[in-house]
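Here's the letter readout for the chains.
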Amino acid sequence: MLYWDDIQVGMKRSFGRYEVTREEVLDFARKYDPQPFHLSDEAAAQTHFGRLAASGWHTCAMTMSMMVAEMAVQPQASLGAAGIDELRWLKPVHPGDVLRVETEVLEMTPSRSRPEMGSLKSQTITYNQLDEPVLRFVGLVLMRRRVA
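Note that the structure is a prediction, hence the values are computed from the model and not measured. (Residues numbered from 1 in each chain as written. Predicted model: local features only at pLDDT ≥ 70, side-chain atom pairs only at ≥ 80, totals over all residues. Heavy atoms only, no water.)

1. Notes on the side chain of serine 122
We count it as follows: Numbered from the N terminus, helices here are DSSP runs of H or I no shorter than four residues, and strands are runs of E no shorter than two. The cut-offs for exposure are 20% and 50% of the maximum accessible area for each residue type, with area from a 1.4 Å probe on protein chains only; residues under the lower value are buried, those over the upper are exposed, and the others partly exposed. Residue contacts are defined here by distance: any two heavy atoms, one from each residue, within 4.5 Å place the two residues in contact.
Following the sequence through the fold, serine 122 ends up in strand E4 (residues 117–127). A relative accessible area of 10% places serine 122 in the buried class. Apart from the residues lying within four places of it in its own chain, the contact partners of serine 122 are Glu104, Val105, Leu106, Phe137, Val138 and Gly139.

Dropping the structure here:
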């Protein structure tokens, strides 16, 4: 189990492998982001995307899926996230892309009112198979401490 006390500012992790399928892009778009360039090759060809592109929210969900899968491999004493900042969709994600994630701890703060927990601010970047960043955000995560 990885606790807040086991982490240091500057700590980096690289993990995940997510193959983006056309069916999944279309299914997510139909349910949650039914804009034409997420639903149609023809409509997407008329935009800066040039071809069918996954919703940015779908890219966030795929990133979260890889993060949760990594927590199953390396359990963490996470108490959940307090939010995200600076969310940026940097490059379109297309069917056939293969995604991966890198995180870096930017700041750590012990709780003043709850000595059994602390927070950490980390940057998360999702890359495609060409090592191009497609998504970036800064998140604030709450974690249990090993030592209170």
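2. Re the pattern of salt bridges
The condition is simple: Any Lys or Arg side-chain nitrogen located within 4 Å of an Asp or Glu carboxyl oxygen qualifies as a salt bridge.
Here the structure, examined in full by the defined rule, presents 11 salt bridges. The residue arginine 22 makes a salt bridge to aspartate 41 at a minimum N-O spacing of 2.7 Å. Linking arginine 22 in helix H1 (residues 22–32) with aspartate 41 in helix H3 (residues 41–45), this pair joins segments that are 19 residues apart in sequence. Residue class for aspartate 41 comes out partly exposed when judged on its relative accessible area of 33%. Between glutamate 116 and arginine 114 there is a salt bridge; the shortest N-O distance is 2.7 Å. A relative accessible area of 34% means that glutamate 116 is categorised as partly exposed. What emerges from the salt-bridge pattern is a single network uniting Arg100, Glu102 and Asp131.

3. Some words on the sheet that holds strand E1 (residues 12–19)
Two pairing modes exist for strands in a sheet, parallel and antiparallel, and in both the strands are linked by backbone hydrogen bonds. We apply this condition: Strand pairing is assigned whenever DSSP identifies at least 2 bridges connecting the two strands. Helix axes use the C-alpha atoms of the stretch in contact, all axes being lines fitted to C-alpha atoms, and the angles between their N-to-C directions lie in the range 0 to 180 degrees.
Strand order in the open sheet formed by 5 strands is E1-E3-E4-E5-E2, and the pairing between neighbours is antiparallel. With one partner strand each, in any of the chains shown, E1 and strand E2 (78–89) form the two edges of the open sheet. When the angles between neighbouring strand axes are averaged without regard to direction, this sheet yields 25 degrees. Bridge analysis of E2 against strand E5 (residues 133–144) gives 8 bridges, and the strand direction is antiparallel.

4. Section: the packing of aromatic side chains
Let me state the cut-off plainly: Stacked, tilted and edge-to-face pairs are distinguished by plane angle, under 30 degrees for stacked and over 60 for edge-to-face with tilted covering the rest, among Phe, Tyr and Trp rings (Trp via its six-membered ring) whose centres lie within 6.5 Å.
Going through the model one piece at a time under the given rule, you end up with 3 aromatic pairs. A ring pair is formed by phenylalanine 28 and tyrosine 32, whose centres lie 5.0 Å apart and whose planes are at 50 degrees; its orientation type is tilted. Linking phenylalanine 28 with tyrosine 32, this pair stays in helix H1, spanning 4 residues, or about one helical turn. Under the relative-accessibility criterion, tyrosine 32 is labelled exposed at 60%. Taken together, a centroid distance of 5.0 Å and an interplanar angle of 40 degrees make the contact between phenylalanine 37 and phenylalanine 49 tilted. Of this pair, phenylalanine 37 sits in helix H2 (residues 36–39) while phenylalanine 49 is found in the loop between H3 and helix H4 (56–73), placing the two residues 12 residues apart along the sequence. Summarising the burial analysis for this pair, phenylalanine 37 and phenylalanine 49 share the class buried.

5. Here's the deal with the layout of surface pockets
Put simply, the test is: Here a cavity denotes a set of grid points, spaced 1 Å apart and computed over the protein atoms alone, in which a 1.4 Å probe fits but from which it cannot get out, and a pocket denotes an open set meeting protein on both sides within 12 Å along at least five of seven lines; residues with an atom within 4 Å of a point are reported as lining. Grid points are joined across faces, edges and corners, and a volume is the space filled by probe spheres set on the points. Classes in brief: Ala, Val, Leu, Ile, Met, Phe, Trp, Tyr, Cys and Pro nonpolar; Asp, Glu, Lys and Arg charged; the others, Gly included, polar.
Put simply, the largest pocket is a space of about 610 Å³. Forming the walls of the largest pocket are 27 residues, and the residues nearest its centre are Met67, Gln76, Ser122, Thr124 and Val141. Listed by contribution, the elements that provide at least two residues to the lining of the largest pocket are E1, H4, E2, strand E3 (98–110), E4 and E5. Per element, the largest residue contribution to the lining of the largest pocket is 6 residues, and it comes from H4. Its residues assigned to classes, the lining of the largest pocket comprises 16 nonpolar, 8 polar and 3 charged. The space that makes up the second largest pocket amounts to roughly 200 Å³. Phe49, Ala54, Ser55, Gly56 and Trp89 are the residues nearest the centre of the second largest pocket, which is lined by 17 residues in total. At the level of elements, H2 and H4 are the ones that each hand at least two residues to the lining of the second largest pocket.

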